[in-house]
Amino acid sequence: IDRYLFYPESMYDLIPFSNLSHINKKNDVDSSFLRLLGKRSKKDWCSYYQEAALASQKGEWDQAMQIGHIAFDEHHLQPKQAAELFPFIEGYAHGGNWRKAQDLTIQAYDLSRTSRSGLCALWKRIKQSDVAPKQKIYLEVRQWLSCEIG
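First, a word on what this report is: a plain description of the structure on this page. Quantities reported herein were computed from a predicted structural model and do not represent experimental measurements.

Here's the deal with the packing of helix 5 (residues 98-111) against helix 7 (residues 135-145)
In step 1: Put simply, helix 5 and helix 7 touch, their axes get as near as 10 Å, and they point 10 degrees apart. In terms of orientation, helix 5 and helix 7 fall into the roughly parallel class. Across the interface between the two elements, Trp 98, Arg 99, Gln 102, Thr 105, Ile 106 and Tyr 109 of helix 5 pack against Lys 136, Ile 137, Glu 140, Val 141, Trp 144 and Leu 145 of helix 7.
In step 2: Of the residues belonging to the contact of helix 5 with helix 7, the class tally is 7 nonpolar, 2 polar and 3 charged.

See the structure below:
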């Protein structure tokens, strides 16, 4: 559940309904459903965030980094909420781009000081995963956030 610490407490009751198997990435959606939603003219920040969040949940770190590169570097898009940076932070960390993960962590904290506990949980999860964090950056983030990452 620590993946969801950065969400408002009011959303915790909805977490059990989150199920990746319900997500259809294929183009076989009923066309009447698409007409109901309306057609998007171009990708916006939300599109990239949703794709990166899905990639992150599936552990597809290279995909999350690639989406981040397109969103940040090619389209110069930026989030409005700190939590929207979490899948990118995790993606860049697992992909070995520790400096980018650190920069996005600072950006998330600047967007919302209340994201600190979620960022601490995120870096704790990164450290406990199979990827070995670059010690210098890991310690800088831990100290900068003033959290016990372990």
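After that view of the structure, there is still more to cover.
Remarks on the state of the cysteines
In step 1: Enumeration according to the criterion identifies 1 disulfide in this entry.
In step 2: A sulfur-sulfur separation of 2.3 Å characterises the disulfide bridge that pairs Cys 120 with Cys 147. In this structure, the disulfide formed by Cys 120 and Cys 147 twists by about -110 degrees around the S-S bond and is classed as left-handed. You can see Cys 120 sitting in helix 6 (residues 116-128) and its partner Cys 147 sitting in the segment after helix 7, a full 27 residues away along the chain. Note on accessibility: Cys 120 and Cys 147 belong to one class, buried.

Overview of the packing of aromatic side chains
What describes a pair of aromatic rings is the distance from one ring centre to the other and the angle between the planes of the rings.
In step 1: Following the criterion strictly, the structure yields 5 aromatic pairs and no others.
In step 2: Measuring from ring centre to ring centre gives 5.5 Å for Trp 45 and Phe 88, while their planes differ by 40 degrees; the resulting arrangement is tilted. Of this pair, Trp 45 sits in helix 2 (residues 45-57) while Phe 88 sits in helix 4 (residues 86-94); the two residues are 43 residues apart in sequence, bridging distant segments of the chain. Per residue, the accessibility class of Trp 45 equals that of Phe 88, and both read buried.
In step 3: Ring geometry for Tyr 109 versus Trp 144: centroids 5.0 Å apart, planes at 75 degrees, classification edge-to-face. Taken as a pair, Tyr 109 in helix 5 and Trp 144 in helix 7 lie far apart in primary sequence, 35 residues in all.
In step 4: Given the relative accessible area of 39%, Trp 144 is considered partly exposed.

The rules behind the values
- Residues numbered from 1 in each chain as written.
- Predicted model: local features only at pLDDT ≥ 70, side-chain atom pairs only at ≥ 80, totals over all residues.
- Heavy atoms only, no water.
- Axes fitted to C-alpha atoms, helices over the stretch in contact; angles between N-to-C directions.
- Helix = DSSP H or I, 4+ residues; strand = E, 2+ residues; numbered from the N terminus.
- Parallel < 35°, antiparallel > 145°, perpendicular 65-115°, else oblique.
- Contact = heavy atoms within 4.5 Å.
- Nonpolar A, V, L, I, M, F, W, Y, C, P; charged D, E, K, R; others polar.
- Disulfide = S-S within 2.5 Å.
- Buried < 20%, exposed > 50% of the residue type's maximum accessible area, 1.4 Å probe, protein only.
- Phe/Tyr/Trp six-rings, centres within 6.5 Å; stacked < 30°, edge-to-face > 60°.

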